[in-house]
Amino acid sequence: MKLITDSTLSKFLNTEVISAYYELTKPGITLTVLASMIIGFVLGSGSEINYILMLHAALGTWLIASGTAAHNQFMEWRYDGQMKRTQSRPVPASKISPKQSVIFSMTLIATGLIYLISVVNIVAGAVSLLTTLIYLGVYTPMKRVSVVNVFIGAVPGALPPVGGWAAATGHLGSTAMWILFAIVFLWQVPHVMAIAWVCKDDYSGAGFKMLPKNDPKGYKASALILPCLIVLLPVCYGLYHVDMNSWLYLAGSLICSLFFLYYGVIFTIKRDKPSAKKLMFASFGYLPLIWVFVILDLLLL
C-alpha cells in the first residue's frame, strides 16, 4: 500500500513540476506571439501557403518566445515576489529554483534560434533573436529606470508578424509587413498603459517605473493612449489600401478600432482604475479580433 502511495505522490510531484515549467513560459503571451507570427506568415505567403514551413516557423517561434518569457521571469523573480499578481509565479513561489529557470530558458532560446536558422531561414532567425535581445536586454531592465520602457517594449512585441513574414518570404521588404508591425505596436501602448493603471500599486511597490506612478491624474497616460488609438484607424485601413485584405477585414477592423478608441476616450475623461480596467479588457479582445477578421477575409473572399 505504501508503494502505491509513494508512486502516486511521485507522479503528482512530477505533474506539479511540469506545470510549473509550463507556467514559466507564459503560455497566454506565447500564444499571442504565435498568432501574430502566423498572421505575418499567411499574408506574406500570398496565394500559396507552405503549411509545413509554417509549422516549422511556429515551433521555432514557440521555443524562442517561451524561453524569452521564462528568462524574463528569471530576471525579475525577486520583484515578482513583491507583487500580489506575480508572487505565485514559479520562481518566487519556489516551485522552480532560479538556476533551473535560467538553464531552462536559455536552452529553449538557443534551441529555437538554431531551429529557425537551420530549418526555416536566417532572416526569420535574426528577427526572433532581435526580439529576444530587445525584450531581455533593453526593455526588462528599462522597466526599473524610465517610463520610456512602454515604447521600447512595444518594439519586440510588434516583431512577431515581421518574423512570420520573414519565415514565409526570406526578406523584410514589404509595406504590408510594416503595417502589421504598426498595428501591433500601436495596440500595445494602450494595452500596457491600461494594465499599468490597474496594477499601479503593485508596480510602484516593486520599484517599476511605470507611468501611473508619476502621473496620478492620468494626463500623461491619456496623451499617450489616445493618439495611438486614433492612428490605429488609418493604419488598419492600410492593409486594405495595399490590397492585402478586402472590405470584410476593413469593416471588422474599423469597427473594432472604433470600440477600442471609445474606451480610450472614456479613460481620457475619467482617468481612474475602473475606466482603465475597461480599456484593459478592450485591449485583450482587440488584437485577436483583428486577426480573426484577417483570416475570415482570406477564407471567405
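Everything below is about the structure printed above this text.
This one's a predicted model, so the numbers in the text were calculated from it and none came from an experiment.

Comments concerning the nonpolar core
Here is step 1 of the chain: I183, L232, L239, F260, Y286 and W291 are the most contacted members of the largest nonpolar core, which totals 63 residues.
Here is step 2 of the chain: Ranked by the residues each element gives to this core, the list is headed by helix α9 (residues 175-198), at 16 residues.
Here is step 3 of the chain: Setting aside anything within four residues of it in sequence, one finds L232 in contact with I183, L186, W187, S257, F260 and Y286.
Here is step 4 of the chain: A20, L24, A70 and V91 belong to the second-largest nonpolar core, a separate cluster that totals five residues.

Some remarks on helix α5 (residues 98-120)
Here is step 1 of the chain: In this model, α5 (23 residues) spans 32 Å end to end at C-alpha, consistent with the 33 Å of a helix rising 1.5 Å per residue.
Here is step 2 of the chain: All of the buried residues along α5 are S101, S105, L108, I109, G112, L113, L116 and V120.

So, the packing of aromatic side chains
Here is step 1 of the chain: Counting across every chain of the model gives nine aromatic pairs.
Here is step 2 of the chain: Judged by centre distance (5.4 Å) and plane angle (75°), the rings of W197 and F267 are edge-to-face. Here the residue W197 occupies a position in helix α9, and F267 occupies one in helix α12 (residues 247-270), the gap between them amounting to 70 residues.
Here is step 3 of the chain: The exposure class assigned to W197 is buried, which follows from its relative accessible area of 1%.
Here is step 4 of the chain: Between F281 and F284 the ring centres are 5.8 Å apart and the planes differ by 80°, which places this aromatic pair in the edge-to-face class. Here F281 and its partner F284 are both found in helix α13 (residues 273-300), three residues apart, which amounts to about one turn of the helix.
Here is step 5 of the chain: Judged by relative accessible area, F284 falls into the partly exposed class, the value being 39%.
Here is step 6 of the chain: Connected via pairs of aromatic rings, a cluster forms that spans W178, F181 and F185.

Considerations on unusual backbone geometry
Here is step 1 of the chain: Non-glycine residue D243 carries a positive phi angle of around 65°.
Here is step 2 of the chain: Structurally, D243 can be placed in the loop between α11 (219-241) and α12.
Here is step 3 of the chain: Residue R271 is not a glycine yet carries a positive backbone phi of 50°.
Here is step 4 of the chain: As for its position among the elements, R271 is in the loop between α12 and α13.

With respect to the packing of α5 against helix α6 (residues 122-142)
Here is step 1 of the chain: Two numbers describe how α5 lies on α6: the axes approach to 7 Å, and their chain directions differ by 155°. By the criterion of interaxial angle, the relationship of α5 to α6 is roughly antiparallel. On α6, the residues that touch I109, L113, L116, I117 and V120 of α5 are I122, A124, G125, S128, L129, T132 and L136.
Here is step 2 of the chain: For the contact of α5 with α6, the residue count by class is nine nonpolar, three polar and no charged.

Definitions and cut-offs
Every residue gets a number counted from 1 within its own chain, in the order that chain's sequence is written. The predicted origin of the model limits local features to residues at a pLDDT of at least 70 and limits the giving and counting of side-chain atom pairs to 80 or more, whereas totals for whole chains, interfaces and linings rest on all residues. Where side-chain values are given, they derive from all heavy atoms of the structure, hydrogens and water being excluded. To qualify as a nonpolar core, a set must consist of buried Ala, Val, Leu, Ile, Met, Phe, Trp, Tyr and Cys residues joined through side-chain atoms within 4.5 Å. Buried means the residue's accessible area, taken with a 1.4 Å probe over protein chains only, is under 20% of the maximum for its type, while exposed means over 50%, and partly exposed covers the values in between. Helix and strand labels come from DSSP, where a helix needs a run of H or I of at least four residues and a strand needs a run of E of at least two; each type is numbered from the N terminus. Throughout, a residue-residue contact means that at least one pair of heavy atoms, one from each residue, lies within 4.5 Å. Multiplying 1.5 Å by the residue count of a helix minus one yields the expected span of that helix. Note on ring pairs: Phe, Tyr and Trp rings are taken, using the six-membered ring of Trp, and paired if centres are within 6.5 Å. Classes follow the plane angle, with under 30 degrees stacked, over 60 edge-to-face and the rest tilted. Axes here mean lines fitted to C-alpha atoms, for a helix over just the part in contact, with angles spanning 0 to 180 degrees between N-to-C directions. Comment on the angle field: the value is read as roughly parallel under 35 degrees, roughly antiparallel over 145, roughly perpendicular from 65 to 115, and oblique elsewhere. Three classes are used, and their members are as follows: Ala, Val, Leu, Ile, Met, Phe, Trp, Tyr, Cys and Pro are nonpolar, Asp, Glu, Lys and Arg are charged, and the others, Gly among them, are polar.

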